[in-house]
Amino acid sequence: MTEETRGRKVEVFSLGHEHSLMDRLKHVRTSADMSQRDMAETIGTPFRTYCKIESGERDLKASELAIVLKRCGIDANWFLFGTGHKEKTAHGD
């Protein structure tokens, strides 16, 4: 599916309208073949805290989000809004 964003058409990779940011976080983690413990270590947070993030009991901090996006090569627009390409492109689009 495509939609117009900022005057240009972008491909939308949606997990479904009922999916949240935390659903996309879990999708990113499992796509990278990482356990919850692996992701907790990656973002530098205790395992139990990460479990709370993924369940929606605690927000993902901007600094933690930046690590996830960089380490997993994920595009911020896709992660935050479900639009564009999931993987970050070489030129940053």
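My aim in this report is to walk through the structure given alongside it, one point at a time. Nothing here was measured: the structure is a model prediction, and the numbers come from that model. (Residues numbered from 1 in each chain as written. Predicted model: local features only at pLDDT ≥ 70, side-chain atom pairs only at ≥ 80, totals over all residues. Heavy atoms only, no water.)

Some details on the overall build of the protein
Scanning the protein from terminus to terminus reveals 5 helices and 2 strands. The 93 residues of the protein split such that 31% are buried. Excluding contacts between residues fewer than 6 apart, the proportion of contacts in the protein whose partners are at least 24 apart in sequence is 46%. For the protein, the exposed surface amounts to about 6100 Å²; the carbon and sulfur share of it is 49%. (Helix = DSSP H or I, 4+ residues; strand = E, 2+ residues; numbered from the N terminus. Buried < 20%, exposed > 50% of the residue type's maximum accessible area, 1.4 Å probe, protein only. Contact = heavy atoms within 4.5 Å. Areas by Shrake-Rupley, 256 points an atom, 1.4 Å probe, with all protein chains shown as cover.)

Description of the nonpolar core
If you look at the biggest cluster of nonpolar residues, it comprises 16 residues, and the most contacted ones within it are Leu-25, Ile-43 and Phe-79. With sequence-adjacent residues up to four places away left out, Leu-25 is seen in contact with Tyr-50, Ile-53, Val-68 and Phe-79. (Core = buried A, V, L, I, M, F, W, Y, C linked by side-chain atoms within 4.5 Å.)

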